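# Structure assessment
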Amino acid sequence: MPNLRVFATDFIGSYNSLNKAHTLTISKHRCLKATQTMCVAVFRAGTPSAAHAVSLAAYKSQAIKLAVDFTGAKLKRPRPYTKLDSTEKGNISYWTGMTFATLVADQILDVPRLLHAGALKKQRLARTNPASRSLADLVGQDSSKNWHVLEAKARQQEVSDETRSKWKTQAETIASIDGKVPDTRSFCYSKVQGTYSVELRDPPPRSDGVALLFPGGDADLVEGYYGPFRDVLKPSSAAVEREGRRIRVRRIGFDSVDEEFLFLGMDEGTLEHVCAGHMPELLRDAEGDDYYLGADGIAILTADSAEIR
């Protein structure tokens, strides 16, 4: 499987050990799953239905395959990508940056579930500082329930220190989440070059900014993260088994390049907890030739036929 190099700096305190070069293993299915969950978090506030949000996310997850070559030892940019229109490159780079930030959060910061801060604001789950219209991209909890903030960026060219300083400011815009100061507020800079790499930098803490609130507690978090997946998978979803794990699945797209169908899935136990309104426990992630099941219980599967077994 291909690797992605991540260079982490400026972390302090108990996170000081993160300051080094990390090598992440990123398969196609793991990457598609990261894009799917992240895009649903972004789209859910502005789409008329959960199915619409999931369909748009499936489209974006397939678009990521235009920007990432999974066939070598390292994640690379495919040669045809350079011939894309500049506007389309910019669009795909945006989603690439968000996807890589999701992968970095999961594998380095131990944050497998990310929420889009802007979507939370639109759904009135956030109380913002009236003096600031700026907001970082993503927030999430690690397995110890500590909060983390990520500002996701992607550029084809090297950026200046002034630009990095602006990204630091952006990452610092969230001061607290449910009354708790985030443990880290990082910017995640994906370098869209021949071989991909990522710069992860944690700015120093600040005391001002936005306060995100979840008045409904875990119920808000369950709805915010799992709601669209529950609504799509609860009715008329089939069940498959992978390595003893039972996964509820539903077909969500077809990739005409690789000639394979794309399926969204959720661990059956996770789905039961979500349908009951409870925050599910994190799982041991699992991966095979045709699927990736994340620690959050959400899976992406592929098959060469419209039915999966």
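## What about the environment of Val181?
- The residue Val181 is located in the loop between β7 (174–177) and β8 (184–191) in this model.
- The spatial distance from the C-alpha of Val181 to the C-alpha of Asn146 is 8.8 Å, given a sequence separation of 35 residues.
- With residues up to four places along the chain from it excluded, the contact list for Val181 reads Ala175 and Ser176.

## What about the nonpolar core?
- Membership of the largest hydrophobic core comes to 77 residues, with the highest contact counts inside it found for Val139, Ile174, Leu200 and Leu264.
- Counting 12 residues, the second-largest nonpolar core is a separate cluster that includes Ile247, Phe263, Tyr291 and Ile308.

## Considering the sheet that holds β8
- Ordered in space as β2-β1-β9-β8-β6-β5-β3, the 7 strands form an open sheet in which the pairing is mixed. The strands lining the two open edges of the sheet, one partner per strand, are β2 (21–25) and β3 (113–116). Geometrically, the sheet is characterised by an average inter-axis angle of 30° between neighbouring strands, direction not taken into account.
- Both strand β6 (residues 147–155) and β8 contribute to a ladder of 8 bridges, which runs parallel. Paired with Arg155 across the strands is Lys191, a residue of β8.
- Here helix α3 (residues 86–107) sits on the sheet and contacts β1 (3–9), β2, β3, β5 (138–141), β6, β8 and β9 (197–201); the angle it forms with β6, its principal contact strand, is near 145°.
- The strands that helix α6 (residues 218–233) touches are β3, β5 and β6; relative to β3, the one it contacts most, it runs at about 90°.

## Considerations on the packing of aromatic side chains
- Inspection of the entire model under this criterion finds 9 aromatic pairs.
- For the pair Tyr94 and Trp95, a centre-to-centre distance of 4.8 Å together with 80° between the ring planes defines the contact as edge-to-face.
- Ring geometry for Phe100 and Tyr196: centres 5.2 Å apart, planes at 85°, overall edge-to-face. Of the two residues, Phe100 sits in helix α3 while Tyr196 sits in the loop between β8 and β9, which places them 96 residues apart along the sequence. Taken individually, Phe100 and Tyr196 each receive the classification buried, so the pair is uniform in this respect.
- Through pairs of rings, three or more aromatic residues link up here, namely Phe43, Tyr94 and Trp95.

## Concerning the confidence of the model for the chain
- With 94% of its residues at a pLDDT of at least 70, the chain reaches an overall mean of 91.
- Confidence drops under a pLDDT of 50 for residues 124–128, and excluding neighbours within four residues, the segment shows 16 contacts in the predicted structure.

## Remarks on unusual backbone geometry
- Of note in the backbone geometry, Asp110 takes a positive phi value of approximately 60° without being a glycine.
- Looking at the secondary structure, you find Asp110 in the loop between α3 and β3.
- Positive phi outside glycine occurs at Glu243, with the angle close to 50°.
- Here Glu243 shows up in the loop between β11 (238–242) and β12 (245–255).

## What about the pairing of β3?
- A two-sided burial pattern is seen for β3, the buried positions comprising Arg113 and Leu115 on one face and Leu114 and His116 on the other.
- Bridge count between β3 and β5: 4 bridges; the pairing is antiparallel. Each residue of the ladder has a partner; that of His116, found in β5, is Leu138.

## Brief notes about the pattern of salt bridges
- If you walk through the whole model with that rule in mind, you get 19 salt bridges.
- Of the charged contacts in the structure, one is a salt bridge between Asp10 and Arg201, with a shortest N-O distance of 3.7 Å. Taken together, the positions of Asp10 in the loop between β1 and β2 and Arg201 in strand β9 put the pair 191 residues apart, joining distant regions of the chain.
- Overall, the relative accessible area of 39% leaves Asp10 in the partly exposed class.
- A salt bridge links Glu223 to Arg230; its shortest N-O distance comes to 2.9 Å.
- Residue Glu223 is classed as partly exposed on the basis of its relative accessible area, which comes to 36%.
- Salt bridges sharing partners connect three or more residues here, namely Asp10, Glu158, Arg164, Lys191, Glu199 and Arg201.

Rules of the game
Residues numbered from 1 in each chain as written. Predicted model: local features only at pLDDT ≥ 70, side-chain atom pairs only at ≥ 80, totals over all residues. Heavy atoms only, no water. Helix = DSSP H or I, 4+ residues; strand = E, 2+ residues; numbered from the N terminus. Contact = heavy atoms within 4.5 Å. Core = buried A, V, L, I, M, F, W, Y, C linked by side-chain atoms within 4.5 Å. Buried < 20%, exposed > 50% of the residue type's maximum accessible area, 1.4 Å probe, protein only. Pairing = 2+ DSSP bridges. Axes fitted to C-alpha atoms, helices over the stretch in contact; angles between N-to-C directions. Phe/Tyr/Trp six-rings, centres within 6.5 Å; stacked < 30°, edge-to-face > 60°. pLDDT = per-residue confidence, 0-100. Salt bridge = Lys/Arg side-chain N within 4 Å of Asp/Glu carboxyl O.

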